Amino acid sequence: MQILSVRGALPDHRHRQEDVTRVFAEQMLQGQVDRRVVERFHRNAGVETRHTALPLERYAELRDFGESNDAFVEHGTLLGARAVVDALKAVDLTPADVDVVVCATVTGLAVPTLDARIAQLTGMRDDVVRVPLVGLGCVAGAAGVARLLDHLVGHPDAVAVLICVELCSLTLQRDDTSVANLVASGLFGDGAAAVVAAGERRAAQVAAAPTPQPEVLAARSRLYPDSERTMGWDVGAGGLKIVLDAGVPEVVRRYVGDDVRRFLADHGLTSDDVGWYVAHPGGPKVLEALQDALGVDREALGVTWDSLRDVGNLSSASVLHVLADTLATRPPAPGSYGLMLAMGPGFCSELVLLQAPGAGSGAGSGAGSGAGEVA
């Protein structure tokens, strides 16, 4: 499967972290938690600026889950449509060229799902195949790329789109003084992203993107035991209440390194063969744990750290923003292997093996056998 283009989209409202802290502490929590405590959690998040779907002052006016979810559907549809149209335009395609659309979200509820609304808004064909992914959370960007691979291996003439839309700001709870909600209020931002990909035969017919795009060779899913309460949502009268256990970094250290080594070995590779990483910015402690698990330094995940600083954790959309930033600012060496990885509710991880175009691409190592596997 060939990635053709990747584009991110961010809401127009951009804020410094200290401004978000002030509004959250004063207008939403209304003094229920000492502001110095909120400030400490927000400083530790490693985030300097974030984008929100609504002006900051509007959040305290949302009366209930219904109003928050209405805002999610309205603004999520528009932001997702912008991401996919930008990604298609980059390779001279239109929404009518799309054969299958995979759409991931976890920060709101919509029936019809966002993919149906975006398809109608942008002008996709009435026979477009829709695959909504709901509930995968932060892992869904990488898992969505893997699901594109599953489809396109069997449909080499097709064009497929992945759209990730997350408006995390609309899930913050004003009556929840838990550590998880305080951490989430300082970490998560709003954003969307889209990937356009094509099967082998169709990719040869599409205009080249301005920046060379990688091939997706293989993917693997991993579901960890006894970890259901590590990350997710509790759904109640107030909406989506964050579940975020402090043990996430330990789960990463315990499992991810071995998972990566086995995955690479199955494709004739070792960690020394990986030239670049596209990692989800789960937060500073998670990224430090990931560096330990992979045996790499901070620079190896530098683009991910920068993304966390500049826009926060965008849940499913984040890893796609990191991919777009990597290709734009640190183009991989021709023929080099990359590894995309993310973790999310389940608790689970998704690994995706990538290869930059150019010298040696697709040759020699045997990587790519078993493409689209799930193990």
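Conventions and cut-offs
Residues numbered from 1 in each chain as written. Predicted model: local features only at pLDDT ≥ 70, side-chain atom pairs only at ≥ 80, totals over all residues. Heavy atoms only, no water. UniProt positions renumbered as here; feature names shortened; annotations may be inferred. Domains from an automatic or database assignment. Contact = heavy atoms within 4.5 Å. Buried area = accessible area lost by both parts, 1.4 Å probe. Salt bridge = Lys/Arg side-chain N within 4 Å of Asp/Glu carboxyl O. Helix = DSSP H or I, 4+ residues; strand = E, 2+ residues; numbered from the N terminus. Buried < 20%, exposed > 50% of the residue type's maximum accessible area, 1.4 Å probe, protein only. Phe/Tyr/Trp six-rings, centres within 6.5 Å; stacked < 30°, edge-to-face > 60°. Lys NZ or Arg CZ within 6 Å of the ring centre and 35° of its normal. Axes fitted to C-alpha atoms, helices over the stretch in contact; angles between N-to-C directions. Left-handed = near helix turned anticlockwise from the far one by under 90°. Nonpolar A, V, L, I, M, F, W, Y, C, P; charged D, E, K, R; others polar. Core = buried A, V, L, I, M, F, W, Y, C linked by side-chain atoms within 4.5 Å.

In the nomenclature of an unreviewed UniProt entry, the protein corresponds to Alkylresorcinol/alkylpyrone synthase from the organism Nocardioides perillae. Annotation of the protein in UniProt includes, under Sequence similarities (unreviewed entry), the sentence "Belongs to the thiolase-like superfamily. Chalcone/stilbene synthases family."

Caption draft 1: Molecular detail of the domain arrangement of the protein. Taken domain by domain, the protein comprises domain 1 (2-204) and domain 2 (215-356). Using only C-alpha atoms to locate each centre, domain 1 and domain 2 end up separated by 17 Å. Each partner contributes residues to the interface: domain 1 has 52 residues there, and domain 2 has 42 residues. Looking at the side of domain 1 facing domain 2, the largest losses of area belong to Phe-65, Cys-138 and Val-139, adding up to 16% of the total buried there. Our enumeration of links across domain 1 and domain 2 arrives at one salt bridge.

Caption draft 2: Spatial organisation of the UniProt feature "active site" (unreviewed entry) in the protein. The sites that carry the UniProt feature "active site" (unreviewed entry) are, in the present numbering, Cys-138. As for its position among the elements, Cys-138 is in the loop between strand E5 (129-134) and helix H5 (140-154). A relative accessible area of 7% means that Cys-138 is categorised as buried.

Caption draft 3: Focus on the packing of aromatic side chains. Applying the stated criterion across every chain yields a total of two aromatic pairs. Note on Tyr-224 and Tyr-255: the rings are 4.7 Å apart at their centroids and 20 degrees apart in plane angle, and the pair reads as stacked. One end of the pair, Tyr-224, is in the loop between strand E8 (215-223) and strand E9 (231-236); the other, Tyr-255, is in helix H8 (residues 248-265), and 31 residues separate them in sequence. Note on Tyr-224: relative accessible area 3%, which makes it buried. Within the aromatic cluster, the residues linked to one another by ring pairs are Tyr-224, Tyr-255 and Phe-347. Over the aromatic face of Phe-41 sits the side chain of Arg-40, whose NZ or CZ is 5.5 Å from the ring centroid. Over the ring of Trp-305 we find Arg-298; its NZ or CZ atom is 3.7 Å from the centre of that ring.

Caption draft 4: Quick look at unusual backbone geometry. With omega at 5 degrees, the peptide bond leading from Val-111 into Pro-112 counts as cis. Locating Pro-112 in the fold gives a position in the loop between strand E4 (100-105) and helix H4 (114-122). Here the amide bond leading from Gly-346 into Phe-347 is cis, since omega sits at -15 degrees, within 30 degrees of zero. Positionally, Phe-347 belongs in the loop between strand E12 (337-344) and strand E13 (348-355). Backbone geometry at Asp-226 places phi at a positive 50 degrees, although glycine is not the residue there. The residue Asp-226 is located in the loop between E8 and E9 in this model.

Caption draft 5: Inspection of the packing of H8 against helix H9 (residues 284-294) at higher detail. In contact at an axis separation of 8 Å, H8 and H9 are set at 30 degrees when each is read in the N-to-C sense. Crossing hand, H8 versus H9: right-handed. Note on element contacts: H9 touches H8 through Lys-285, Val-286, Glu-288, Ala-289, Leu-290, Asp-292, Ala-293 and Leu-294, opposite Val-248, Pro-249, Val-252, Arg-253, Val-256, Gly-257, Val-260 and Arg-261. In terms of residue class, the contact of H8 with H9 is made up of 10 nonpolar, one polar and five charged.

Caption draft 6: Highlighting the nonpolar core. Counting 88 residues, the largest nonpolar core has Val-256 and Leu-341 as its most contacted members. Among the elements that make up this core, the one with the highest residue count is helix H3 (residues 65-89) (nine residues). Two domains each provide a minimum of three residues to this core, namely domain 1 (2-204) and domain 2 (215-356). Not counting residues up to four positions away in its chain, the partners in contact with Leu-341 are Val-256, Val-260, Tyr-277, Val-278, Ala-279, His-280, Leu-290, Leu-294, Val-319, Glu-350 and Leu-351. Ala-142, Ala-146, Leu-149 and Val-352 belong to the second-largest nonpolar core, a separate cluster that totals 42 residues.

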